[in-house]
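# Geometric and topological summary
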Amino acid sequence: MLDTRVTARRRRLPSRPVSPVAALSPSLATWTAIAIAIAMVIGVAGPGQARAQTGNPPPHRYLGTWNYDQPVRESMRNIAVISCPDTGTNCRPIPPLHVPQIGDITFSKAAGGGIVGRTDQGCTWTFAVRSTSLELNPPSQNCFNRVIGSAYTITRWSVTVSGDRERETIEAVSHQPNGDYEFRLDKGSRTRVGKDAWAQARKVFPGAWRYDASDPRSRVNLLTTRYTDPDGQVRTVQTPQQGLVTFTSGHKNIVTARTENGCDWTLAARGNTARLEPAVQTCETALGTTTLTFWTIASDGGHQASVMAGVDERGGNLVLSVGSLTKR
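Residues numbered from 1 in each chain as written. Predicted model: local features only at pLDDT ≥ 70, side-chain atom pairs only at ≥ 80, totals over all residues. Heavy atoms only, no water.

## Quick look at the overall build of the protein chain
Within the protein chain, the secondary structure is distributed over 2 helices and 23 strands. Counting over 328 residues, the protein chain shows a buried share of 50%. Of all intrachain contacts in the protein chain linking residues separated by at least 6 positions in sequence, the fraction that spans at least 24 positions is 61%. For the protein chain, the accessible area works out to roughly 14,400 Å², and carbon and sulfur atoms hold 51% of it. (Helix = DSSP H or I, 4+ residues; strand = E, 2+ residues; numbered from the N terminus. Buried < 20%, exposed > 50% of the residue type's maximum accessible area, 1.4 Å probe, protein only. Contact = heavy atoms within 4.5 Å. Areas by Shrake-Rupley, 256 points an atom, 1.4 Å probe, with all protein chains shown as cover.)

## What about the nonpolar core?
Ranked by internal contacts, the top residues of the largest apolar core, which has 28 residues, are Phe 107, Trp 125, Phe 127, Leu 134, Ile 154 and Trp 157. Looking at this core, the element that brings in the most residues is strand β10 (residues 150–162), giving 5 residues. The next biggest cluster of nonpolar side chains, apart from the first, holds 25 residues, and it includes Trp 209, Leu 267, Leu 318 and Leu 320. (Core = buried A, V, L, I, M, F, W, Y, C linked by side-chain atoms within 4.5 Å.)

## Re the state of the cysteines
For the structure on display, the rule yields 1 disulfide. Two residues share a disulfide in this structure: Cys 84 and Cys 91, whose sulfurs sit 1.9 Å from each other. Note on the Cys 84 and Cys 91 pair: the S-S dihedral is about 95°, so by sign convention the disulfide is right-handed. With respect to class, Cys 84 is no different from Cys 91; both count as buried. The thiol of Cys 143 is unpaired, and the distance to the nearest cysteine sulfur, on Cys 123, comes to 4.6 Å. The thiol of Cys 283 is unpaired, and the distance to the nearest cysteine sulfur, on Cys 263, comes to 3.9 Å. In this structure Cys 283 comes out as buried when scored by relative accessible area, which is 1%. (Disulfide = S-S within 2.5 Å.)

## Focus on the packing of aromatic side chains
Using the criterion set out here, one finds 4 aromatic pairs in the structure. Considering the side-chain rings of Phe 107 and Phe 127, the 5.6 Å spacing of their centres and the 90° angle between planes classify their relative orientation as edge-to-face. Of this pair, Phe 107 sits in strand β5 (residues 104–109) while Phe 127 sits in strand β7 (residues 124–129), and the two are 20 residues apart along the sequence. Owing to a relative accessible area of 2%, Phe 107 belongs among the buried residues under this scheme. What makes Phe 127 buried here is its relative accessible area of 0%. Ring centres of Trp 125 and Trp 157 lie 5.9 Å apart, and the angle between their planes is 75°; this geometry places the pair in the edge-to-face category. (Phe/Tyr/Trp six-rings, centres within 6.5 Å; stacked < 30°, edge-to-face > 60°.)

## Focus on unusual backbone geometry
Leaving glycine out, the prevailing phi sign among residues is negative, and the prevailing peptide bond configuration is trans. Here the bond from Asn 137 into Pro 138 is cis, since omega is 0°, no more than 30 degrees from zero. Within the fold, Pro 138 resides in the loop between β8 (134–136) and β9 (141–145). The amide bond that connects Glu 277 to the next residue, Pro 278, takes the cis arrangement and shows omega of 0°. Residue position: Pro 278 is located in the loop between β19 (273–276) and β20 (281–285). The phi angle at Met 76 is positive, at roughly 70°, despite the residue not being glycine. A positive phi angle is found at Arg 219, which is not glycine, with a value near 75°. Tracing the chain through its elements places Arg 219 in the loop between β13 (207–211) and β14 (222–228).

## Quick look at the side chain of Gln 141
The residue Gln 141 is located in strand β9 in this model. Here Gln 141 falls in the buried class, since its relative accessible area comes to 1%. Side-chain polar atoms of Gln 141 contact the backbone oxygen of Asn 137, separated by 3.3 Å. (Polar contact = N/O pair within 3.5 Å; in protein donor to acceptor, adjacent residues only side chain to side chain.)

## Quick look at the pairing of strand β23 (residues 317–327)
Along any regular strand, the residues point their side chains to alternate faces of the sheet. Summarising burial for β23: 8 of the 11 residues are buried, a large majority. Inspection of the sheet shows β13 paired to β23 by 3 bridges, in the antiparallel sense. Bridge pairing in β23 links Trp 209 to Lys 327. Bridging between β14 and β23 involves 3 bridges; their strand directions are antiparallel. (Pairing = 2+ DSSP bridges.)

Structure representation (structure tokens):
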């Protein structure tokens, strides 16, 4: 996990069982690595900036910050499918995993007329402006995500824009110790963050929210923690993510998330998306110090999808890759 700890106001981590309820089976361990590896589409800087083609429309229509819309499993909107291809890889064949996509990307101009896209996890991609779309350029760019500690390569990323709505398709490869897995997002959908983003956020975040029942098969609300034992062996365990979280709105785009044990965390909310602000926060509990290094949430006012990462009281690296809450 991120090797950086900064001094912040004392925060508390959402409560969960102290002891792991189960060790991961081989198949669940495989999907844990994959689900963590591609909980969201992010990346690091690619090669040189792309140049726009002569006669193409101006790139200003793409500029700005865009939030993923609320994921919908029934229609597969913003639901990525991760699977082991039939040929060409040494991955273990496992039924496809569906992973909600949340978070934001900011498009800005690059030298030479191209576009740079920076995601909410601090990673960067480069695009070329074509006649009707943005296209990843060069078409194969690699990411090592420091938050999740895993690498993958995006081989195709196509973006189209109509007004304040954006559509995208993504094809990628997740590089795991047991092989390369295919990632596809066929129905990506985003909305531009506008001047009324805070007003929108105040409508969809405040209130009491409860974590839905955990489901090992879909990875919903399954908190994965990796511990390093004294002999150097890495032990991976899972616990259901449970409890009530109450959100209240403050000033300057800030919402506060309070858990049942009285712990507070602050997030910057714009439109339907909120993320941890400041980026690293700590919590003193009876069991020790916990740290959150990442927490992004998408809300439509009735349901929340979230991704969380950090370090627990016993020094284990924790990730909640498919968080799901319902408003009471």
